[in-house]
Amino acid sequence: TKLYVATGSDQLTVIDTATNTVSAHINLAGRYASLLEVSPDGKTLYAATTNQYFQPTVTKISTATGKVIGTVALPGAIDYFYDLAITPDSKKIYLIADLESVNPDTGYNLSGLYTFTSTAKTATQFGTGVFDVELAISPDGSRLYVNDIGNVDDPDAVGTVSVYSTITNTVVNGFVTPAGMLGGMTLSGDGSVLVAADTFNSAVVSFDTITGSYTQL
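Thresholds applied
- Residues numbered from 1 in each chain as written.
- Predicted model: local features only at pLDDT ≥ 70, side-chain atom pairs only at ≥ 80, totals over all residues.
- Heavy atoms only, no water.
- Helix = DSSP H or I, 4+ residues; strand = E, 2+ residues; numbered from the N terminus.
- Rg over C-alpha atoms; globule rule 2.2 N^0.38 Å.
- Buried < 20%, exposed > 50% of the residue type's maximum accessible area, 1.4 Å probe, protein only.
- Contact = heavy atoms within 4.5 Å.
- Areas by Shrake-Rupley, 256 points an atom, 1.4 Å probe, with all protein chains shown as cover.
- Lys, Arg positive; Asp, Glu negative; His and termini not counted.
- Charge placed at Lys NZ, Arg CZ, Asp CG, Glu CD.
- Phe/Tyr/Trp six-rings, centres within 6.5 Å; stacked < 30°, edge-to-face > 60°.
- Pairing = 2+ DSSP bridges.
- Axes fitted to C-alpha atoms, helices over the stretch in contact; angles between N-to-C directions.
- Core = buried A, V, L, I, M, F, W, Y, C linked by side-chain atoms within 4.5 Å.

A few points about the overall build of the protein
Helix and strand counts for the protein stand at 0 helices and 19 strands. For the protein, the C-alpha radius of gyration of 18 Å lies close to 17 Å, the compact-globule estimate for 217 residues. On the principal axes, the C-alpha backbone points of the protein span a range of 45 × 40 × 35 Å. The 217 residues of the protein split such that 47% are buried. The long-range share in the protein, meaning contacts at least 24 apart out of those at least 6 apart in sequence, stands at 32%. Carbon and sulfur atoms make up 53% of the accessible area of the protein, which totals about 10600 Å². In the protein, which carries 9 positive and 20 negative side-chain charges, the distance between the mean positions of the two groups comes to 20 Å.

Spelled out as structure tokens, the structure:
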């Protein structure tokens, strides 16, 4: 019944979806939010935030009280965020943020994959990408899909979807896609098919999550 809106200020706006009216504001105390995601259990709102010194954090907010209940540090990251995802049991959170280090082959900042538990104060970086833009988690919470669109300035480059175990945070599978192709990833109810928008050909494609073979729909 609540819709949370990042306003560009250090407050979030809460909208009652039954009446489409503003019901509250959440004070972030000098932090400015971009990505917002509510945990599947509905108890916590996670916001990717930065402050006036461009220090990146994830801010945790109680949905019951509308109060900040903690922050999570992102060592090695800068305040450019791309996606945030939470496992179905609400216990693990994943985030893509740009790193301080620059890829010499592209001239762009490398992408950092971060994870933390719902009670943590500091996130752990467990992966590095060329240009990670999107996350998807399997319905059973066992797999994390990471969309790396690669070097979009190189016409011969390819992108990848890496598949991580959420238990070990290591790569267990993956498949190649044309660079810059995928967006809007989502998984079927049983996790066997990954569907995404083919942004290059203005089409929808489906991937077999075991073999990586794909079909244009």
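Quick notes on the packing of aromatic side chains
Aromatic rings in a pair are described by how distant their centres are and how their planes are angled relative to each other. In this structure the tally under the stated criterion is 6 aromatic pairs. Judged by centre distance (6.1 Å) and plane angle (55°), the ring pair of Tyr-46 and Phe-116 falls under tilted. Of this pair, Tyr-46 sits in strand S5 (residues 44-50) while Phe-116 sits in strand S10 (residues 109-117), and the two are 70 residues apart along the sequence. There is no split in this pair, since Tyr-46 and Phe-116 are both buried. Summarising the aromatic geometry, the rings of Tyr-82 and Phe-131 are spaced 5.9 Å apart at their centres and angled 80° between planes, so their arrangement reads as edge-to-face. Linking Tyr-82 in strand S8 (residues 77-86) with Phe-131 in the loop between strand S11 (124-129) and strand S12 (132-137), this pair joins segments that are 49 residues apart in sequence. Members of the aromatic cluster, joined through ring pairs, are Tyr-82, Tyr-108 and Phe-131.

Points about the pairing of strand S16 (residues 182-187)
The pairing of S16 with strand S17 (residues 193-198) spans 4 bridges and is antiparallel. Pairing of Leu-182 across the sheet is with Asp-198, part of S17. The loop that links S16 with its antiparallel partner S17 comprises 5 residues; one of these, Gly-191, has a positive phi angle of about 80°.

Let's talk about the sheet that holds strand S2 (residues 11-16)
The strand order across the open sheet formed by 3 strands is S1-S2-S3, and the pairing between neighbours is antiparallel. Each end of this open sheet is capped by a strand with a single partner; those strands are strand S1 (2-6) and strand S3 (21-27). The mean inter-strand angle of the sheet, taken between neighbouring strand axes irrespective of direction, is 30°. Pairing analysis gives 6 bridges linking S2 to S3, with the strands arranged antiparallel. Directly across from Leu-12, in S3, lies its bridge partner Ile-26.

Looking at unusual backbone geometry
Notably, Asn-20 is not glycine yet its phi reads approximately 55°, a positive angle. On the basis of relative accessible area, Asn-20 is assigned to the exposed category, the value being 64%.

Quick notes on the environment of His-25
Along the polypeptide, His-25 turns up in strand S3. The residues touching His-25, leaving out its near neighbours within four places in the chain, are Gln-11, Leu-12 and Thr-13.

With respect to the nonpolar core
The biggest cluster of nonpolar side chains holds 19 residues, and the ones touching the most others in it are Leu-74, Leu-95, Tyr-114 and Phe-116. Mapped onto this core, the elements with two or more residues apiece are S5, S8, strand S9 (92-102) and S10. Core analysis: the next-biggest nonpolar cluster, separate from the first, contains 13 residues, Ala-136, Met-185, Leu-187 and Val-205 among them.

Focus: the sheet that holds strand S14 (residues 158-165)
If you trace the 4 strands from one edge of the open sheet to the other, you get S12-S13-S14-S15, paired in antiparallel fashion. Since the sheet does not close on itself, it has two edges, and those belong to S12 and strand S15 (171-178), each with one partner. Here the average twist between neighbouring strands, direction ignored, is 20°. Both strand S13 (residues 143-148) and S14 contribute to a ladder of 6 bridges, which runs antiparallel. Within S14, the residue paired with Arg-143 across the bridge is Ser-165.

Treat this as a map of the structure, not an account of what it does.
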